[in-house]
Amino acid sequence: MEKSKPIQVALIGNPNTGKTSLFNQLTGLNQKVGNYPGITVDKKQGACKLLNNQTAIITDLPGTYSINPTSVDESIVLKSLLTTEDKNYPDVIVVVADIENLKRNLFLFSQVKDLEIPIILAINMSDQLDRKGISIDVETLKKELKTETILISARKNEGIDKVKMAIENCAEISKAHPLCSINHKIDEDYFERLKAVSTNHTLYELWLMVTQNNIPDSLSEIEKQKLIEFRQDVSKLKRYQHKETIHRYQQINEILKRTYIVDRSKAKDLRAKLDRVFTHKIFGYVIFFGILLLIFQSIFDWASTPMDLIDSAFANLSTLIKGELTPGILTNLIADGIIPGIGGVVIFIPQIAILFLFVAILEETGYMSRVVFLMDKIMRRYGMSGKSVIPLISGTACAIPAVMATRTISGWKERLITILVTPFTTCSARLPVYAILISLVIPDKKLFGYFSLQGFTLLSLYALGFATAIVSAFLLHKIIKVKSASFFVAEMPNYKIPSLKNVVFNVIEKTKAFVLGAGKIILAISIVLWFLASNGPASYKNVEKDNIENTANANLLAEELQQKIAGLKLEKSYIGIMGKAIEPVIKPLGYDWKIGIALISSFAAREVFVGTLATIYSVESGTDNTSTIKEKMRVEVNPETGQKTFTLPVGMSLLIFYAFAMQCVGTLAVVKRETKSWKWPLAQLFGMGILAYAAAFVTFTIFS
Ligand code: GDP
Ligand code: MG
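Residues numbered from 1 in each chain as written. Chains lettered and ligands numbered in written order. Predicted model: local features only at pLDDT ≥ 70, side-chain atom pairs only at ≥ 80, totals over all residues. Heavy atoms only, no water.

Before going further, it helps to examine the overall build of the protein chain. Looking only at helices and strands, the protein chain has 32 helices and 11 strands in total. Computed over the C-alpha atoms, the radius of gyration of the protein chain is 35 Å, more than 25% above the 27 Å expected from 2.2 N^0.38 for a compact globule of 704 residues. Principal axes of the C-alpha set define a box for the protein chain whose edges measure 115 × 60 × 45 Å. Each of the 704 residues in the protein chain was classed as buried or not, and the buried ones make up 50%. Considering only residue pairs separated by 6 or more positions, the protein chain has 72% of its internal contacts joining residues 24 or more positions apart. Here the protein chain displays about 33900 Å² of accessible surface, and carbon together with sulfur accounts for 62% of that area. Of note, the protein chain has its 79 positive side-chain charges centred 4 Å away from the centre of its 64 negative side-chain charges. (Helix = DSSP H or I, 4+ residues; strand = E, 2+ residues; numbered from the N terminus. Rg over C-alpha atoms; globule rule 2.2 N^0.38 Å. Buried < 20%, exposed > 50% of the residue type's maximum accessible area, 1.4 Å probe, protein only. Contact = heavy atoms within 4.5 Å. Areas by Shrake-Rupley, 256 points an atom, 1.4 Å probe, with all protein chains shown as cover. Lys, Arg positive; Asp, Glu negative; His and termini not counted. Charge placed at Lys NZ, Arg CZ, Asp CG, Glu CD.)

Below is the structure:
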């Protein structure tokens, strides 16, 4: 390099690594701010007196994460690197990294390095090493990266002279050795052909021209034509770019393993202080359960209004359609089958969206990684991962979003086990069933004069759900033989303010996945159940006529007569026949055919149990005032034994049955979706069904 000609230096780096700070240190007051041609991005340049009195012109390029640009700012960097004839084309590039995000910084570095321009790596913020508990083996890094590597602090003006010296000696910096030889690792043949296009450019430059569609005018027409040909197969380009990214990260990880140590236990920054609180042996759990409490409180509070609105909107729509369309099968199908079916899907959206809103925020802020770290040891004993905590607890709202929340679990076995046991947690659909059964059969007494026995029963059912989930996870852990490479990466991201865009996208994406995935199956089953409940053999068809003509019914009000007819119709329908057919099977559990009907129809969703019983008991309700469903159930008598149907043994047996049985098509549908096979949902259906049956039988026998 001639003494007289200033050295052109470009500063490249991720945003916030301290490029501008270094630029200021190097140039002092000799700066001027211009404009890049045609765009309104500042072009900052300044002169720097080197130690041997030579001058360097420093350009502070916009921050970028890679040289595959996604914005105007970033494309400036690409342009500066590919326009070799430009007067500011760098003689040497200083890549500015910072000690904390070295991995991400080195990705950009490795790309720039492969352009084979002389390069210096300046790792900034060395003043923070101790506070962050980081140590870097610069000598080894220098060798591994085949690059002059300097630890600096732009803020404290440390290492700046070394950077100046390195710039001075840039002519001696060897250009060769791309860091990541993409050609050997991806497709030797393909890259040989690419390399042959032009001798004036390095392979990586050509590769960028092709992938970024940024072909400089300096190339000859033939060369341009050849590069355009490479652009024909876009899917191949995408594939190879993807492979390139993976190779780069693999290589960087290898290098950093040997040269970069973070010992967060020695760190003293704010993040370390927060970490110490959030992962504390006691406070960590207290805070976590506090946050959970808050989340579930909000889910129930916020979701109930929209859910009621959705519920009544769909009911009104059904009524409206029945009134507007001519009566007939098609109208019934729409009003009683399809619309309630769609309603049954839409009604879950508020809970799903709210849950995922919280999960997304916890993840975005970085808090979730601390929870995972905290819970991992415990959960691992049961064959799950720290990340299983969220699905298991989300299950108290609804198993559907909970199963979807297992996606963050990286090991397949841990994820599968979590999916399989999550439906044991007491979901909100079980709550109405529990509530009515408890109020029917559990005496309204106080334990030790203070705790309500009914409340205690409800709490026990929740505890039973969690305990069963944990125990079955443990058993599945021993039984399931699935190969899965699960490794716990103790890498925790920094805390940050969540990005609204990420959070909103996350919520929309997951809600959409539910509606399109599970929704279809829920809808289909609802229609099948509707058909079975509203159709039947000849006796079904006569119910209406017989009852209207029957003089015994003359004293009933019109509404009461309608209720009675509805109940009788349900009894004579296919589903009623099925209920009677399964009576022998469920008799040992203490149930009659009416409960059988409710069991079958609650297969679409558990909470249907209450509604179905309400319909079916309308049959017996005479003119007396026992109109609430609870009252109807209380007075219900088994005609064979002459005893009340809902005794303590029956009630307890039903509670246990509902605690264990997999009565939720929606969950089965998402499990099918998430495991991509019918094997696991069927295993769940039968496994949980058998357990429910056995447990209900034992319960009934004990309490009888
Ligand atoms: P740029 O986005 O790469 O241009 O980065 P800036 O130069 O604007 O710096 C980003 C932030 O890092 C600013 O808050 C700087 O004060 C800070 N910073 C820059 N250099 C250092 C350093 O050596 N040590 C510390 N602790 N902070 C620095
Ligand atoms: Mg800047």
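What follows is about the domain arrangement of the protein chain. Domain boundaries assigned for the protein chain yield domain 1 (7-264) and domain 2 (331-338 + 501-703). One C-alpha centre belongs to domain 1, the other to domain 2; they are set 66 Å apart. (Domains from an automatic or database assignment.)

Another aspect to go through is the packing of aromatic side chains. Evaluation of the coordinates by the stated rule reveals 17 aromatic pairs. An aromatic cluster is present here, built from Tyr-190, Phe-191, Trp-207, Phe-230 and Tyr-240 joined pairwise through their rings. The ring centre of Tyr-495 lies 4.0 Å from the NZ or CZ of Arg-370, which sits over that ring. When the ring centre of Trp-593 is taken as origin, the NZ or CZ atom of Lys-580, which lies over that ring, is 4.4 Å away. (Phe/Tyr/Trp six-rings, centres within 6.5 Å; stacked < 30°, edge-to-face > 60°. Lys NZ or Arg CZ within 6 Å of the ring centre and 35° of its normal.)

For the rest of this paragraph, the subject is the site of ligand 1. As a matter of local geometry, ligand 1 sits amid 15 residues, with Asn-16, Lys-19, Thr-20, Ser-21 and Asp-127 nearest to it. Between ligand 1 and Ser-21 there is a distance of 2.6 Å, counted from an oxygen atom to a side-chain nitrogen or oxygen. The contact in question runs from an oxygen atom of ligand 1 to an N or O atom on the backbone of Ala-154, over 3.0 Å. The residue makeup of the shell around ligand 1, split by class, is three nonpolar, nine polar and three charged. (Near = heavy atom within 4 Å. Polar contact = N/O pair within 3.5 Å; in protein donor to acceptor, adjacent residues only side chain to side chain. Nonpolar A, V, L, I, M, F, W, Y, C, P; charged D, E, K, R; others polar.)

What follows concerns the packing of helix α25 (residues 574-581) against helix α27 (residues 593-601). The contact between α25 and α27 brings their axes to 7 Å, and the two run at 120°. Compared by their axis directions, α25 and α27 come out oblique. Viewed along their axes, α25 and α27 form a crossing whose handedness is right-handed. Contacts between α25 and α27 involve Ile-575, Gly-576, Met-578, Gly-579 and Lys-580 from the former and Trp-593, Gly-596, Ile-597, Ile-600 and Ser-601 from the latter. Along the lines of polarity and charge, the residues of the contact of α25 with α27 split into five nonpolar, four polar and one charged. (Axes fitted to C-alpha atoms, helices over the stretch in contact; angles between N-to-C directions. Parallel < 35°, antiparallel > 145°, perpendicular 65-115°, else oblique. Left-handed = near helix turned anticlockwise from the far one by under 90°.)

Core analysis: the biggest nonpolar cluster contains 93 residues, and Ile-400, Val-421, Tyr-591, Phe-609, Phe-646, Leu-654 and Phe-657 have the highest contact counts within it. When near neighbours in sequence (up to four residues on either side) are disregarded, Leu-654 contacts Leu-437, Tyr-591, Ile-595, Leu-599, Phe-609 and Phe-646. Among the nonpolar cores identified, the runner-up in size contains 53 residues, and Leu-102, Leu-121, Phe-191 and Val-210 belong to it. (Core = buried A, V, L, I, M, F, W, Y, C linked by side-chain atoms within 4.5 Å.)

Moving on to the environment of Asp-161. The topology assignment puts Asp-161 in helix α6 (residues 160-168). Among the residues examined, Asp-161 registers a relative accessible area of 46% and is labelled partly exposed.

Close approach of charged atoms lets side chains of opposite charge pair. The tally for this structure, following the rule as stated, stands at 22 salt bridges. Here Glu-674 and Arg-415 are joined by a salt bridge, their closest N and O atoms 2.7 Å apart. On the criterion of sequence distance, the pair formed by Glu-674 in helix α31 (residues 665-675) and Arg-415 in helix α19 (residues 412-421) is long-range, its members being 259 residues apart. Across the pair, exposure class does not vary: Glu-674 and Arg-415 are buried alike. One network of salt bridges, with partners in common, ties together Glu-100, Lys-132, Asp-269, Arg-271, Asp-275 and Arg-370. (Salt bridge = Lys/Arg side-chain N within 4 Å of Asp/Glu carboxyl O.)

The grouping of Arg-131, Lys-268, Lys-273 and Arg-276 at the surface amounts to a positive patch. Positionally, Lys-273 belongs in helix α12 (residues 270-278). (Patch = residues over 30% accessible without salt bridge, like charges linked within 9 Å, V, L, I, M, F, W, Y side chains within 5 Å.)

So, about the pairing of strand β6 (residues 119-124). In summary, the side chains of a regular strand alternate between the two faces of the sheet. Of all six residues in β6, six are buried, a share of seventy percent or more. The side-chain alternation of β6 yields two buried faces, one formed by Ile-119, Leu-121 and Ile-123 and the other by Ile-120, Ala-122 and Asn-124. Examined bridge by bridge, strand β5 (residues 92-98) and β6 share six bridges and lie parallel to one another. In the strand pairing of β6, Ala-97 is matched with Ile-123. What joins β5 to β6 is helix α3 (residues 102-113), and the crossover it makes is right-handed. (Pairing = 2+ DSSP bridges. Right-handed = clockwise from strand over helix to strand, strands pointing away.)

This brings us to unusual backbone geometry. The backbone phi angle of Lys-146 is positive, close to 50°, even though this residue is not glycine. Tracing the backbone shows Lys-146 in the loop between α5 (138-145) and β8 (148-151). A relative accessible area of 43% places Lys-146 in the partly exposed class.

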